[in-house]
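The chain contents come next:
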Amino acid sequence: MKIFASYSIKGGVGKTSLSVNLSYAFCRAGLQTLLVDLDPQGAATFYFRVSTTEKFPLKGDGLSVAGLRAAIRESDYSGLDILPASPSYRKFDIALDGMRKSRKQLRFLMDELASDYDAVVLDCPPGLTLLAENVFRASDLLLVPVIPTVLSGRTLAQAYAFFADHDLPSEVIRPFFSMAQSSHRMHTDLMAALPTQFPAFLKTVVPHAASVEKMGLHRSPIQTFDPDCPAARAYAALSLEVLALRGQN
Amino acid sequence: MGGAWMEAFGPGARDFSAPSPDPTMPSGLVLSPRAVEEFDVEVMDTPSWGLWGSGLVLFRRDSSLALQRAGALLAEAAGPSAGGFFWWDLRKSELAERLGEASGIRKIEPVARLRVVARDYEVSNADGKVVFRFVVVCAGGAATQRVFVPRPLRGYGAEAAACCLALGGSDVREGGLLERALADAGVSPHLSSGLLRAEIGPGLPAAEALRRVVSPALKTAWKNEEGIIRDTDTEFLHDYRVSLRKARSALGLLSGAFDAAGVSKVRDALGSMAARTNRLRDLDVYLLARREHEDSVPEVLRPAVRGLFDGMSEERAREQAAVASALMAPHHQELKQEISALFDRPDGLKPGLEAEVPIASAVSSRVARRHRKIAKLARELGAEPADAQLHAIRIQCKKLRYLLEFFAAAVPPAAAILEHPLRRLQNRLGAFNDAAVQREFLLDLWQHAGPELSNDRAVALGTLAGLLHAQGAGFRAGAHRALEALVSPSLLKSVRRSLPAPDSFCP
């Protein structure tokens, strides 16, 4: 089982779009996939028409895998399950803080699911919290959508700095350009500059597309209703690129 | 080829008893019909339903074969799109291997053709999320034979339960969809152990008991004739010969139940019918073991052995045509009807002196006598028994086994005591006899071949005959040990004690 996190310190960069479309692409590729919606907003959960869970199974001495399994919902797509978002996530950090080995609880939880799934995609909320550190320690790849703007570049640098400060393996961080516009001068300039500063950038660029916003109307992955649009093709290419990185293609 | 339609034939299916094809769903849930698939499948089996008897069902859809057990797909493979086949005609695969275990040397043929209609449905909640799926499957065309296969989605158990309730949802009725569809197609799987066990109480008069044994044996023999004529597989001839032999033996074993002259005429006729097929059966036995024989000789002799078998194959084709022609001949058909008529009703044959003797009395004295006779023959065996002596014991054993098989219900304790030791000895004597017959067959070929027999074929014949001789010697040793067990003083005593006194059933 491989764990892919869709993460950024910054909000509104396309994390949820990545999680939804990457999960869908994985299941279409034949991988038994679980999408874990860790964001209390529950956007990924909404996109798959799944209801948020009433309570997330948080316990005093560790996260409960039995409760987690019970909360999993099968999506409309064969091979793709969803662990829906929960309002309880607001208390996630507090709950984790009270646990032993509080930085590795998510990893322990994911290990319990290793026999059930080939791939897990974590849709993470923004921020540098204790939950984020759990995500860093649990993930095989940290996929970071970066809008080619100065602020996005800055938050990417903050993520690398956090990894360095906490002795985390920075090679798991794989940024890629998201919502990129080739007609936008600043975007093209930064798309040339940032990869020189951060060489781990993935090749695939996900363009800005109105179809991505329409996912909210269709409540389904972009590949299901507009498979030939550039963004849909980019997500498909991105899934192949990350699978190849982990030797799973 | 696998899919929900196949699961419809398994225990996971539920009876679809909703009042309409598109039933009303529980409140808040919306039903959406999806794809409909309609196709024909053939159910394939051996003439003796060997697959069915092993809990297997083989489906053929065009040239795809799918083997299932209890609705679960076991294996798939490509196969011929029409007609029957033997398992060894298929390419090596798991499916071929499983078929080999269950069908043996019997041909696998279509036994029924079913029209299957599979309709997919989805049920969604108010958010448009699919919460339950199911497939309604109809096989054989009749509306009463609809079942549905639930496809619950993880995390939506409550919705699945509510939907199943709305669809009917009870476990599938006894027999299942396949049995009902087959019945609708006029097909009924019939399993036979090969044993002849008529309903015979200990007090039944011997003549009536004998009639109840001979009549079904004859029916079985006649039923196999079609397979022999079509040359479906070699087992039709085997079963035909066994049935004739059983009918003939029963008449001989209970001589006295019917008038001797009438019995003698029938036995002669049945003997002639069986004898007409002797050569064909010998060739079948040899050709069935063709690969085994080819593999048993050195590489250098294999072309010569292949040549021998090719010659046998050609002879078999001629012999089969001759047997088929004899079976279709009008006088054979008339003879069959005449013989059948004698046993179809109680007064067909003139009664004999023992006609009214209770069957238990008649059989118990014969069982004791046969058992003692085998013991006597065993005592006469020297350190190196002759083939003829073992042959004589084999014949007596066969008669004893037939007595116990036909009339087990009349002498149940003796039948139970003797069953295993007798079967063990018969298996060994049978193997010894088969090796001897095959060896003689080869030597006969050699003696009648004349000067045109090439050197390499002569060597091949000699090698095979030598191997069979050695094989026979091995079986002989095993037979000797099994014989000692059958005629041990303790077993003789147990059998004697288990048999009722000769007059205990006299009215």
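Quick note: structure is the one above.
Residues numbered from 1 in each chain as written. Chains lettered and ligands numbered in written order. Predicted model: local features only at pLDDT ≥ 70, side-chain atom pairs only at ≥ 80, totals over all residues.

1. A word on the overall build of chain B
As a reminder of what qualifies: Here a strand is any run of E in DSSP of at least two residues, a helix any run of H or I of at least four, and the numbering for each starts at the N terminus. Counting other C-beta atoms within 10 Å of its own, a residue is labelled buried from 20 upward, exposed at 12 or fewer, and partly exposed in the gap between, with every C-beta atom placed from the backbone.
Across its full length, chain B holds 17 helices and 9 strands. A buried classification covers 36% of the 507 residues belonging to chain B.

2. Observations concerning the overall build of chain A
Here is the rule: Note that contacts rest on C-beta atoms placed from the backbone: two residues are in contact if these are within 7 Å.
Each helix and strand in chain A was counted, giving 11 helices and 8 strands. Expressed as a percentage of the 249 residues in chain A, the buried residues total 46%. In chain A, 76% of the contacts between residues at least 6 apart in sequence involve partners at least 24 apart.

3. Quick look at the sheet that holds strand β5 (residues 119-123) of chain A
Residues and elements named next belong to chain A. The condition that has to hold: For two strands to pair, DSSP has to find at least two bridges joining them.
Read across the sheet, 8 strands follow the order β3-β4-β2-β5-β1-β6-β7-β8 without closing on themselves; strand pairing throughout is mixed. Each end of this open sheet is capped by a strand with a single partner; those strands are β3 (73-74) and β8 (205-207). Bridge count between strand β1 (residues 2-6) and strand β6 (residues 141-146): 3 bridges; the pairing is parallel. Bridge pairing in β6 places Ser6 opposite Leu143.

4. Describing the pairing of strand β5 (residues 72-78) of chain B
All names here are of chain B. As paired elements, strand β4 (residues 64-69) and β5 share 6 bridges and run antiparallel to each other. By the bridge assignment, Leu67 is partnered in β5 with Ala75. As consecutive antiparallel partners, β4 and β5 are separated by 2 residues, and within that stretch Ala70 has a phi angle of approximately 50°, a positive value.

5. Digging into unusual backbone geometry
All names here are of chain B. In this structure, Asp62 takes a positive phi of about 55° despite not being glycine. Note that Asp62 resides in the loop between β3 (57-61) and β4. Its identity is not glycine, yet Asp231 carries a phi of approximately 60°, on the positive side. Structurally, Asp231 can be placed in the loop between α6 (206-230) and α7 (234-253).

6. Section: the nonpolar core
Applicable threshold: Here, a nonpolar core denotes buried Ala, Val, Leu, Ile, Met, Phe, Trp, Tyr and Cys residues that are linked to one another through C-beta atoms within 7 Å. Here the limits of each domain have been adopted from an automatic or database domain assignment.
By size, the foremost hydrophobic cluster in this structure holds 76 residues, and its most contacted members are Ala250(B) and Ile359(B). Examining the composition of this core, we find that 10 residues originate from one element, α6(B), more than from any other. The residues that make up this core include at least three from each of domain 2 (201-347) and domain 3 (357-502) of chain B. When neighbours within four sequence positions are excluded, Ala250(B) is seen to be in contact with Leu210(B), Val213(B), Val214(B), Ala217(B), Tyr402(B) and Phe406(B). Judged by nonpolar contacts, the second largest core, of 65 residues, contains Tyr7(A), Tyr47(A), Tyr117(A) and Met215(A).

7. Things to note about the packing of α6(B) against helix α12 (residues 330-344) of chain B
Axes are the key here: two packed helices are described by the angle between their axes and the distance separating the axes. Residue and element names in this part refer to chain B. To be explicit about the condition: Here, axes are lines fitted to C-alpha atoms. For helices the fit covers the stretch in contact, and angles between N-to-C directions go from 0 to 180 degrees. In this scheme, roughly parallel covers angles under 35 degrees and roughly antiparallel covers those over 145, while 65 to 115 is roughly perpendicular and the rest are oblique. Two helices that cross are described as forming a left-handed crossing if the nearer one is turned anticlockwise from the farther one by less than a right angle, and a right-handed crossing if clockwise.
Their axes nearest at 9 Å, the elements α6 and α12 cross at an angle of 150°. On the basis of the axis angle, α6 is roughly antiparallel to α12. Considering only the axes of α6 and α12, their crossing is left-handed. Residues Arg211, Val214, Ser215, Leu218 and Trp222 of α6 form the contact with α12, whose own contacting residues are Lys336, Ile339, Ser340, Phe343 and Asp344.

8. Observations regarding the interface of chain B and chain A
How big an interface is tends to be expressed through the accessible area that disappears when the partners come together. So the rule is basically this: For this classification, Asp, Glu, Lys and Arg are treated as charged, while Ala, Val, Leu, Ile, Met, Phe, Trp, Tyr, Cys and Pro are nonpolar and the rest, including Gly, are polar.
On the chain A side, the residues contacting the 7 residues of chain B number 8 residues. Here the side of chain B that touches chain A is composed, by residue class, of 2 nonpolar, 2 polar and 3 charged.

9. Some remarks on helix α16 (residues 455-486) of chain B
All names here are of chain B. Note the threshold: Each helix should span, by expectation, one fewer than its residue count multiplied by 1.5 Å.
For α16, built from 32 residues, the straight-helix expectation of 46 Å at 1.5 Å per residue is met to within 8% by its first-to-last C-alpha distance of 46 Å. Within α16, the full set of buried residues consists of Arg457, Ala460, Leu461, Leu464, Leu468, Gly472, Phe475, Ala479, Leu483 and Leu486. In this structure, the buried residues of α16 make contact with α10 (290-296), α11 (302-328), α13 (359-380), α14 (387-406), α15 (412-449) and α17 (489-498).

10. Here we look at the environment of Asp259(B)
All names here are of chain B. Relative to the elements of secondary structure, Asp259 occurs in the loop between α7 and α8 (260-275). According to the C-beta neighbour criterion, Asp259 is partly exposed, with 16 such atoms within 10 Å. Placed 52 residues apart in sequence, Asp259 and Ala207 show a C-alpha to C-alpha distance of 10.0 Å. Once you skip the residues sitting within four places of it in the chain, Asp259 turns out to touch Leu349, Lys350, Pro351 and Gly352.

11. Describing the packing of α13(B) against α14(B)
All names here are of chain B. At a closest axis distance of 10 Å, the pairing of α13 and α14 adopts a crossing angle of 160°. As the angle between them shows, α13 and α14 are arranged roughly antiparallel. Between α13 and α14 lies a crossing whose hand is left-handed. Of the residues in α14, those in contact with Val363, Arg366, Val367, Arg370, His371, Lys373, Ile374, Leu377 and Ala378 of α13 are Gln389, Ala392, Ile393, Gln396, Cys397, Lys399, Leu400, Leu403 and Leu404.

12. Focus on the pairing of strand β2 (residues 30-45) of chain B
Along a regular strand, successive side chains alternate from one face of the sheet to the other. Residues and elements named next belong to chain B. Pairing of β2 with strand β6 (residues 109-124), which is carried by 14 bridges, proceeds in the antiparallel orientation. Across the sheet, residue Met44 finds its bridge partner in β6, namely Pro110. In the sheet, β2 pairs with β3 via 3 bridges, with the strands oriented antiparallel. By the bridge assignment for β3, Val43 is matched with Phe59.

13. Quick notes on the environment of Ala304(B)
Residue and element names in this part refer to chain B. Position of Ala304 relative to the elements: it lies in helix α11. Each C-alpha atom, one on Ala304 and one on Glu294, is 9.4 Å from the other, the two residues being 10 residues apart in sequence. Once residues within four sequence positions are removed from consideration, Ala304 is found in contact with Asp456, Arg457, Val459 and Ala460.

14. Re the environment of Val487(B)
Residues and elements named next belong to chain B. By secondary structure assignment, the location of Val487 is in the loop between α16 and α17. You can call Val487 partly exposed: it has 19 C-beta atoms within 10 Å. Setting aside anything within four residues of it in sequence, one finds Val487 in contact with Ile374, Ala375, Ala378 and Leu492.

15. Brief notes about α7(B)
Given a rise of 1.5 Å per residue, 20 residues ought to cover 28 Å, and the 28 Å separating the end C-alpha atoms of α7(B) matches this to within 8%. In terms of burial, α7(B) is largely enclosed, as 16 of its 20 residues are buried.

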